[in-house]
Amino acid sequence: MMGRAKIAAGLMCLAAGCATTKPKAAKGPIFYPPAPNPPRLQFLVAYSDSEKFRENATSFQQFVVGATPKRPIGKPYGVTVRHNQIFVCDTMLRTVTIMDLQKRGVQTFKPKGEGELILPINIAVDEDGTRYVTDTARGQVVVFSKEGEYKGAIGQLATLMPTPHKSRMQSPESTPSAKQVEIKIEMKPTDVLIAGDRLYVTDLKNQNVRVYNKADLKLMFTIPSEPITETNKLFQPTNLAMDPQGRLYVSDTSGFRVQQYAPDGKHLRQFGANGDSPGQFALNKGVAVDREGRIYVVDAKMEVCQIFDPEGRLLMWFGEAKGSDAFLTLPAKVAIDYDHVGLFQKYAAPGFELEHVVIITNQFGDRKVSIYGFGHKK
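Since we're looking at a predicted model, the values are computed, not measured.

## Here's the deal with the sheet that holds strand S6 (residues 106–109)
At step 1: An order of S3-S4-S5-S6 is seen for the 4 strands of this open sheet, with the pairing classed as antiparallel. For this open sheet the edge positions go to strand S3 (76–82) and S6, each flanked by a neighbour on one side alone. Across the sheet, the mean angle separating the axes of adjacent strands is 20° when strand polarity is ignored.

Encoded structure:
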């Protein structure tokens, strides 16, 4: 298991600036847990720009896509997969990178006008292609069509409000200085999840999860429900996931735990605690749940992804800087994908059969979008 020594080494590495260190080339398949344990997870491939993504495209795919300029990924956070495409929110470039898994092409979605993105954190894509992007700086969930047309937004657009004047010489019409401006927002969304006819949105400002009717974007209720106690409350809700039974998981970052709620907001359980031991969190961010109910939680500070069983008991972890040739570098988000296993099976070691794919974004390093395969030996 992970152990304090390995995690402490990871913290020392972070403090020393490992986020900018180029990883060494991997030698052979990278499995987790390491031998002699039976392998359950393999690092497959990683992308940081369009060239790496397209390098395995067939000549016909390259002909279809044509010659395109190299498109780098700046500082990714949110990631989701839908309709043979990987959508990545880039907080540095203020864009959404769209990677087509079949055509091996890369597009940059950077809307203008009313839908312009300022700080896109997370994205969810509906069955019909509708895109929901949480923009923390705008204070909104911005909604786009499948073609990228602006359709509207949830929440009031953040506005600049002048603070009381400190100088009698300054006129009310004059432009306030940076020190005399505050941002007025209704909410501060970080993640959005689509579940049936509902949208679940984390709100840092009000320390809750807001549940909307997807049809009219009207607020239905908030989570946690009243009364709020030390057990069911949220301190800093950042990321969301839902299991096959419809139970909601909220990564509560400054609470150092993952909270589980019923769809109606009833609190069910929590797991995790502040610390650097296995099963604990230092800066938990992305959360995801696979079809077997296993829960994946990314820790940006410890630079690992821990996997828990449905009861919140630690099963394994992967990605730590020490002892891995494919370590995570300030990871942010994790997503599970079953629909494109066949496209990634070619990266797996002989005899290792993939069951699903695990995608993790790294905010720094040479592996901005890292792909892992969860599976078993035949």
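## Topic: the nonpolar core
At step 1: With 23 residues, the main nonpolar core has Leu 44, Tyr 47, Ile 86, Phe 344, Ile 359 and Ile 371 as its most contacted residues.
At step 2: At the level of elements, strand S2 (41–47), S3, strand S4 (85–90), helix H4 (341–344), strand S26 (352–362) and strand S27 (369–377) are the ones that each hand at least two residues to this core.
At step 3: Per-element accounting of this core gives the leading share, 4 residues, to S26.
At step 4: In contact with Ile 371, not counting residues within four places along its chain, are Gln 42, Phe 43, Leu 44, Val 45, Tyr 47, Phe 344, Val 357, Val 358 and Ile 359.
At step 5: One finds Tyr 32, Val 298, Cys 305 and Met 316 within the second-largest nonpolar core, a separate group that totals 19 residues.

## Topic: the packing of aromatic side chains
At step 1: Across all of its chains, the model carries 10 aromatic pairs by this definition.
At step 2: Cluster of aromatic residues (ring-pair linked, three or more members): Tyr 32, Phe 43, Phe 318 and Tyr 372.
At step 3: Residue placement shows Arg 131 over the ring face of Phe 109; its charged tip is 4.8 Å from the ring centre.
At step 4: The ring of Tyr 338 is capped by Arg 291, whose NZ or CZ atom sits 3.8 Å from the centre of that ring.

## Section: the sheet that holds strand S8 (residues 131–135)
At step 1: Strand order in this open sheet of 4 strands is S7-S8-S9-S10, and the pairing throughout is antiparallel. One side of each edge strand has no neighbouring strand; the edge strands of this open sheet are strand S7 (120–125) and strand S10 (150–154). Going from strand to strand, the sheet's axes swing by 20° on average, the running direction of each strand aside.
At step 2: Where strand S9 (residues 140–144) meets S10, 4 bridges bridge the pair, whose relative direction is antiparallel. In the strand pairing of S10, Val 142 is matched with Ala 153.

## Some remarks on the side chain of Asp 243
At step 1: In this fold, Asp 243 is placed in the loop between strand S17 (237–242) and strand S18 (248–252).
At step 2: For Asp 243, a relative accessible area of 6% gives the class buried.
At step 3: Contacts of Asp 243, omitting those with residues within four sequence positions, involve Tyr 249, Gln 260 and Val 289.

## Brief notes about the environment of Val 297
At step 1: Among the secondary structure elements, Val 297 is positioned in strand S22 (residues 295–299).
At step 2: In this structure Val 297 comes out as buried when scored by relative accessible area, which is 0%.
At step 3: Note: C-alpha distance between Val 297 and Asn 284 (13 residues apart in sequence) is 6.7 Å.
At step 4: Other than its neighbours up to four places away in sequence, Val 297 contacts Val 258, Phe 271, Phe 281, Asn 284, Gly 286, Val 287, Val 304, Cys 305, Gln 306 and Phe 308.

## Regarding the environment of Pro 111
At step 1: Position of Pro 111 among the secondary structure elements: in the loop between S6 and S7.
At step 2: For Pro 111, a relative accessible area of 9% puts it in the buried group.
At step 3: Residues Pro 111 and Glu 149, spaced 38 residues apart in sequence, show a C-alpha to C-alpha distance of 8.0 Å.
At step 4: Residues in contact with Pro 111, not counting those within four places in the same chain, are Glu 116, Leu 117 and Phe 144.

## Brief notes about the pairing of strand S24 (residues 314–318)
The two faces of a sheet get side chains in turn, since along a regular strand they alternate between them.
At step 1: Where strand S23 (residues 304–308) and S24 come together, 4 bridges link them in antiparallel fashion. Residue pairing across strands places Phe 308 opposite Leu 314, the latter belonging to S24.
At step 2: Remark: 5 residues form the turn of the hairpin made by S23 and S24, two consecutive strands paired antiparallel; Gly 312 in that turn has positive phi of roughly 85°.

## Digging into the pattern of salt bridges
At step 1: This model, assessed by the stated rule, comprises 13 salt bridges.
At step 2: Residue Arg 40 pairs with Glu 355 through a salt bridge whose shortest N-O separation is 3.4 Å. One end of the pair, Arg 40, is in the loop between strand S1 (30–32) and S2; the other, Glu 355, is in strand S26, and 315 residues separate them in sequence.
At step 3: A relative accessible area of 29% places Glu 355 in the partly exposed class.
At step 4: Among the salt bridges present, the one from Glu 127 reaches Arg 82, with a minimum N-O distance of 2.8 Å. On the criterion of sequence distance, the pair formed by Glu 127 in the loop between S7 and S8 and Arg 82 in strand S3 is long-range, its members being 45 residues apart.
At step 5: Look at Glu 127 and you get exposed, because its relative accessible area is 56%.
At step 6: Residue classification places Arg 82 among the partly exposed positions, given a relative accessible area of 24%.
At step 7: Linked by salt bridges that have partners in common, Glu 186, Asp 203 and Arg 210 make up one network.

## Section: the pairing of S9
At step 1: Here S9 lies mainly inside the structure; 5 of its 5 residues are buried.
At step 2: Burial of the side chains of S9 extends over both faces: Gln 140, Val 142 and Phe 144 are buried on one face and Val 141 and Val 143 on the other.
At step 3: Relative to S9, S8 is paired through 5 bridges, and the arrangement is antiparallel. Following the sheet pairing, Tyr 132 is matched in S9 by Val 143.
At step 4: The hairpin formed by S8 and S9 contains 4 residues between the paired strands, and Gly 139 there has a positive phi angle of roughly 75°.
At step 5: Hairpin connection between S9 and S10: a loop of 5 residues separates the two successive antiparallel strands, and Gly 148 in this loop has a positive phi of roughly 90°.

The rules behind these values
- Residues numbered from 1 in each chain as written.
- Predicted model: local features only at pLDDT ≥ 70, side-chain atom pairs only at ≥ 80, totals over all residues.
- Heavy atoms only, no water.
- Pairing = 2+ DSSP bridges.
- Helix = DSSP H or I, 4+ residues; strand = E, 2+ residues; numbered from the N terminus.
- Axes fitted to C-alpha atoms, helices over the stretch in contact; angles between N-to-C directions.
- Core = buried A, V, L, I, M, F, W, Y, C linked by side-chain atoms within 4.5 Å.
- Buried < 20%, exposed > 50% of the residue type's maximum accessible area, 1.4 Å probe, protein only.
- Contact = heavy atoms within 4.5 Å.
- Phe/Tyr/Trp six-rings, centres within 6.5 Å; stacked < 30°, edge-to-face > 60°.
- Lys NZ or Arg CZ within 6 Å of the ring centre and 35° of its normal.
- Salt bridge = Lys/Arg side-chain N within 4 Å of Asp/Glu carboxyl O.

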